[in-house]
Amino acid sequence: MNALDDFDDAATSRKDNRNAAIGKPIDRVDGRRKITGAARYAAEFKHGRLTHAVLVQSTIAKGRIASIDTAAARRAPGVITILSHENMPKLKKAQGGPKAKPLETGKMGEDRLPFEDDVIHYAGQHVALVVADTLDHARHAASLVKVRYREEKPLLTIEEAESTAYLPKASFGRPLQHQRGDVEAALAAPGVVKIQQTYTTPVETNNPMEPSATVAVWDGDKLTVADSTQAVMGTRAVLAQAFGIPREDVHVLCPFTGGGFGCKGFQWGHTMLAAMAAKVTRRPVQLNLTRQQMFTSVGHRPPTRQMIALAARKDGKLTALKHETLQPTSFTTEFIEPCGLTTSKLLYSCENVAIPHRLVKVNVAPPTPMRAPGDCPGSFAIESAMDELAYELGIDPIELRLRNYAEMDEGEKKPWSSKHLKECYQRGAEMFGWSRRNPKPGSMRDGDLLVGWGMATALYPGNRRPASARARLTPDGRALVQAATQDLGTGSYTVFTQVAADALGLPVERVTFELGDSEFPAAPTSGGSNSAASVSEAVYQVGGAIRTKLAAIATSDPESPLAGQRADQLTLSNGRLVLASDPSRGMDIADLVRRSRIPAIEAEVQVKPEDEKTKKYSIHSWGAQFCEVKIDPLLPRVQVSRWVSVIDVGRVLNTKLSRSQVMGGVTMGIGMALMEHTVYDPRTGKPLTDNFADYLIPVNADFGSFDVELLNHPDPVINTLGCRGVGEIGITGVAAAIANAVYHATGKRVRDLPITIEKLI
Ligand code: MOS
């Protein structure tokens, strides 16, 4: 289907279908604002007398600051102030804590406050901030700040730190060390086929297109901040705590976020520093991170070393599954990449399972969530190992997965809310032409090129959090709906407009949805793929609240055609409030608002998951990834020539944007499999590949055709519409599908990402 067909389809069905907007491939409602430059990103919030702040960062990985000489910098033109640990006013630690309400907390990306003391934990740590009248003046002065260090020997790698490994208990409240049955006995049992291998993934850096930026301004004791974030409410909470002021006195704006992939989900030191600089100078301050600073100041995906041991009977039934992860975190945060927590714990039916996670601390900048934390590198390991087992057993890899299909969540001992993974495998195999695959490695060719076909499972939890929204219906028949959620560039504006339109019975053209403002009703951090599932419910319910108010007006008005009807028999459709049983009887919504003689009908709702219901189920999204690679045997560069993804995320809110999300996830997965690697200087601990010339990510030329299908089976548990998020699942399974295809093409199993030419020679 091309874009024009999509559009016609949407236009015609809107006329005669009540749920006209949800599910349709509607173009981004904010698209025009973006391409005309009208969309305002954080760094574009300008103020009079704006000043510019530039960070000075540590050039060593461990030690103490011996002295900071700012004399030359202070004499430089335009300099207003220089902050460091020597003169920094006190900030308060800003952690939510277990008792805090979920919509009223943020989370710092690291536990340490900026400029807290003279201790250096990693290269790139902020050590000073120069504020000047122009950006050029600030950059020049920052280059004149002389920091002397007392250097100590850092721990930089998993290998160096391995003897200090420990087992953390939980990750975001979820128990981290999982065990069922007796895995060691099952691995030692006679007569089973075994696989035991170690898989490693490197540091990857989130690298959204828009670098993080903050513009802060104080008005007396009230703070306004434009910040590029995945969490306006979280940013508000953290700033309020840091400065010891009420949350209501902090206003955070972020109408557009130019990508985040997790690195803007937590709150970071530069945001606090911009606010502090504005307080000290009594002028608005702008602080932009450079691309280089994005490699140390807002997190990255930590490297992982994963050992997988599998045992199976000859018929393919798994008898043991062990998935052990060792991962470094920083000395300033304990971020965990929970590799086996979802994938290995629940994907396959197996009685004997052990999933230990071990952590070490290294003198590297703090890691943070990056698209599908845990599940993304975790699925590389387990889905590679399943492919190895399939070859060992001589069973087709899809067949092996079906023989171990989990009919329930055996980790949590709960039924699935909804699972159509079999259909994903079957449909994907059909679309890809899997039955034509000759499983023998090196057996398929395209001229001189080796051809490989690989597959893997995709999965990601179906998260939902409390959320709220408000709506205002005006006599012109238009609605304004607001929630303090975010759009990372992926479609929140559009899908919530669609949901609001259907809930209010209005065409999408008459609905405006606004987000990215902490003064709107609270909504959660856009992380863990939860925004669509959480905020859609609030938007849907606020439409219901408006309908109730309209129904009360209509049924109590003796001159209304709906006089005396029962309010619960009325529904909103095609701009009218009508009798559900006879849509010809009803009245125009705009007329109704006008007749009510109040300026607007308003409602606000707060919704949260129904725990009694949702806690009984395990809620996940599923998918199957199929990939074709072509490799020149003389210069074995892997080219992804064909991709098929079939994804089950419950009801699809917008087929075009969901497909784009999956394509984006797969593209990022191709980068993970073949290119991305943040390399650190072993002497200084500084990232060497801190730019887009050295840190490679895929471009259009790096892959061939994409075929993405979304199954669209509403989830009966997660929320009214039955939609789960689609932001992260697309990247899961991708690296494994590629590694499996590379093995099929070459007979070479690469267990260490990225799969570069030198590993295949
Ligand atoms: Mo996502 S990595 O949870 O923002």
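Since the model is a prediction, treat every value here as computed from it, not as a measurement. Throughout this description, residue numbers start from 1 for each chain and increase along the sequence as written. Restriction of local features to residues with pLDDT of at least 70 applies here, the model being predicted, together with a cutoff of 80 or more for giving and counting side-chain atom pairs; totals for whole chains, interfaces and linings are based on all residues. Side-chain measures were taken over the full set of non-hydrogen atoms in the model, leaving aside hydrogen atoms and water.

Peer 1: So what exactly am I meant to see when it comes to the pairing of strand β23 (residues 511-514) here?
Peer 2: Put simply, side chains in a regular strand alternate between the two faces of the sheet. Burial classes follow relative accessibility: with a 1.4 Å probe on protein chains only, a residue under 20% of its type's maximum area counts as buried, one over 50% as exposed, and anything between as partly exposed. Only DSSP runs of H or I covering at least 4 residues are called helices, and only runs of E covering at least 2 are called strands; the numbering of each starts at the N terminus. Across the two faces of β23 the burial differs, with Val511 and Phe513 buried and Thr512 and Glu514 not buried at all. Examined bridge by bridge, strand β22 (residues 479-482) and β23 share four bridges and lie parallel to one another. What sits directly across from Leu480, in β23, is Thr512. Viewed along the sheet, the connection from β22 through helix α13 (residues 492-504) into β23 turns out right-handed. By definition, two strands form a pair when at least two bridges between them are found by DSSP. Handedness is read with the strands pointing away from the viewer; a crossover is right-handed when the path from the first strand over the helix to the second is clockwise.

Peer 1: I would appreciate a short explanation of the sheet that holds strand β2 (residues 63-69) in the present structure.
Peer 2: Hydrogen bonds between backbone atoms are what pair the strands of a sheet, whose relative direction is either parallel or antiparallel. In space, the three strands of this open sheet follow the order β4-β2-β6, with antiparallel pairing throughout. Here the strands that pair on one side only, and so sit at the sheet edges, are β4 (119-120) and β6 (146-151). Relative to β6, β2 runs antiparallel, the two being bridged by six bridges. Looking at the pairing, Arg64 lines up with Arg150 of β6.

Peer 1: I keep staring at the state of the cysteines and nothing clicks. Help me out?
Peer 2: Linking two cysteines covalently through their sulfur atoms gives a disulfide. Any two cysteine sulfur atoms within 2.5 Å of one another count as a disulfide. Following the criterion strictly, the structure yields zero disulfides and no others. You can see Cys339 has no disulfide; the closest cysteine sulfur is in Cys376, sitting 9.1 Å from it. Look at Cys339 and you get buried, because its relative accessible area is 0%.

Peer 1: Explain the packing of aromatic side chains to me, please; I cannot follow it from the model alone.
Peer 2: Describing an aromatic ring pair means giving the distance of the ring centres and the angle of the ring planes. We call Phe, Tyr and Trp rings a pair once their centres come within 6.5 Å, taking the six-membered ring for Trp, and we label the pair stacked below 30 degrees between planes, edge-to-face above 60, and tilted otherwise. Per the counting criterion, the structure on display carries 13 aromatic pairs. Among the aromatic residues, those joined into a ring-pair cluster are Phe432, Trp434, Trp453 and Phe626. Any Lys NZ or Arg CZ that is within 6 Å of a ring centre and within 35 degrees of that ring's normal is treated as a charge sitting over the ring. Seen from the ring of Trp218, Lys279 lies directly overhead, with NZ or CZ sitting 4.5 Å from the centre. One Lys or Arg, Arg642, reaches over the ring of Phe432 and ends 4.1 Å from the middle of that ring.

Peer 1: Would you mind going over helix α10 (residues 375-393) with me for this structure?
Peer 2: Because an α-helix packs 3.6 residues into every turn, residues spaced three or four apart end up facing the same way. Take the number of residues in a helix, subtract one, and multiply by 1.5 Å to get its expected span. Look at α10: 26 Å from first C-alpha to last across 19 residues, which is about the 27 Å you get at 1.5 Å a residue. Phi turns positive one or two residues past the end of α10, at Gly394, with a value near 70°.

Peer 1: What's the story with the confidence of the model for the chain in this structure? I'm lost.
Peer 2: In regions of low pLDDT, the predicted coordinates are not meant to be interpreted in detail. One number per residue, pLDDT, summarises how confident the predictor is, and it ranges from 0 to 100. In this model, the chain carries an average pLDDT of 94, and 96% of its residues clear a pLDDT of 70 or more. What makes two residues a contact is simply this: any of their non-hydrogen atoms within 4.5 Å. In this model residues 1-17 is a low-confidence stretch, pLDDT under 50, and it forms 16 contacts with partners more than four residues away in sequence or in other chains.

Peer 1: Looking at this model, I keep getting lost on the nonpolar core. Mind explaining?
Peer 2: Note on soluble globular proteins: their nonpolar side chains tend to be buried together. Side-chain atoms within 4.5 Å are what join buried Ala, Val, Leu, Ile, Met, Phe, Trp, Tyr and Cys residues into a set we call a nonpolar core. The biggest cluster of nonpolar side chains holds 88 residues, and the ones touching the most others in it are Leu310, Val629, Ile738 and Ile755. Setting aside residues no more than four positions away along its own chain, Ile755 makes contact with Val638, Ala673, Leu674, Ile738, Ala739, Val742, Val750 and Leu760. Counting residues in hydrophobic clusters, the runner-up holds 49 residues, among them Leu473, Val495, Leu504 and Met587.

Peer 1: Whenever I open this one, the pairing of strand β30 (residues 703-710) confuses me. Can you help?
Peer 2: Note: strand β29 (residues 635-648) against β30, seven bridges, orientation parallel. The partner of Ile647 across the bridge, within β30, is Leu710. Handedness of the crossover joining β29 and β30 through helix α17 (residues 655-674) is recorded here as right-handed.

Peer 1: Teacher, can you tell me more about the sheet that holds strand β12 (residues 222-227) here?
Peer 2: Taken together, the seven strands give an open sheet; going across it, the order is β3-β5-β1-β14-β11-β12-β13, and neighbouring strands pair in mixed fashion. Strands at the two margins of the open sheet, each flanked by one partner only, are β3 (79-84) and β13 (250-253). Taking the axes of each pair of neighbouring strands and ignoring which way they run, one obtains an average angle of 20° across the sheet. Both strand β1 (residues 51-57) and strand β5 (residues 126-132) contribute to a ladder of six bridges, which runs antiparallel. The residue of β5 that forms the bridge with Leu55 is Leu129. Each axis is a line fitted through C-alpha atoms, taken for helices only over the stretch in contact, and angles between the N-to-C directions span 0 to 180 degrees. Where helix α4 (residues 135-144) meets the sheet, its contacts fall on β1, β3 and β5, and the angle it forms with β1 comes to roughly 25°.

Peer 1: Would you explain the pattern of salt bridges in this entry?
Peer 2: Pairing of side chains with opposite charge becomes possible as their charged atoms draw close. Any carboxyl oxygen of Asp or Glu that lies within 4 Å of a side-chain nitrogen of Lys or Arg is treated as forming a salt bridge with it. Following the criterion strictly, the structure yields 36 salt bridges and no others. Residue Glu628 pairs with Arg642 through a salt bridge whose shortest N-O separation is 3.5 Å. Placement of Glu628 in strand β28 (residues 620-632) and of Arg642 in strand β29 is noted, with a sequence separation of 14 residues between them.

Peer 1: What exactly am I supposed to notice about the layout of surface pockets here?
Peer 2: Unfilled space is identified by rolling a water-sized probe across the atoms. Think of a 1 Å grid over just the protein atoms. A cavity is a set of points where a 1.4 Å probe fits yet cannot get out, a pocket is an open set with protein on both sides within 12 Å along at least five of seven lines, and lining residues have an atom within 4 Å of a point. Grid points are joined across faces, edges and corners, and a volume is the space filled by probe spheres set on the points. The calculated volume of the second largest pocket comes to roughly 970 Å³. Every residue lining the second largest pocket is counted, 32 residues in all, and those nearest its centre are Met209, Gly259, Phe261, Arg371 and Gly664. By residue number, the principal contributor to the lining of the second largest pocket is α17, which donates six residues. Looking at the lining of the second largest pocket residue by residue, the class counts come to 13 nonpolar, 14 polar and five charged. The residue classification treats Ala, Val, Leu, Ile, Met, Phe, Trp, Tyr, Cys and Pro as nonpolar and Asp, Glu, Lys and Arg as charged. All others, Gly included, are polar.

Peer 1: Can you walk me through the packing of α17 against helix α18 (residues 734-746) in this structure?
Peer 2: In the contact formed by α17 and α18, the axes pass within 8 Å of each other and the chain directions differ by 55°. Put simply, α17 runs oblique to α18. Handedness of the crossing formed by α17 with α18: right-handed. Residues Val666, Gly669, Ile670, Met672, Ala673 and Leu674 of α17 lie in contact with α18, whose contacting residues are Val734, Ala735 and Ile738. When grouped by side-chain class, the residues that make up the contact of α17 with α18 number eight nonpolar, one polar and no charged. Orientation is classified from the angle alone, with under 35 degrees giving roughly parallel, over 145 giving roughly antiparallel, 65 to 115 giving roughly perpendicular, and any other angle giving oblique. Two helices cross in a left-handed way if the nearer one is turned anticlockwise from the farther one by less than a right angle. They cross in a right-handed way if the turn is clockwise.

Peer 1: I'm lost on the packing of α10 against α18 in this one. Help?
Peer 2: The description of two helices packed together rests on the angle between their axes and the distance between the axes. It is at 8 Å that the axes of α10 and α18 come closest, and there the two elements cross at 30°. When you trace α10 past α18, the crossing you get is right-handed. Only Ala735, Ala736, Ala739, Asn740, Tyr743 and His744 of α18 make contact with α10, whose side of the interface consists of Ser379, Phe380, Glu383, Ser384, Asp387 and Tyr391. Residue composition of the contact of α10 with α18, grouped by class: six nonpolar, four polar and two charged.

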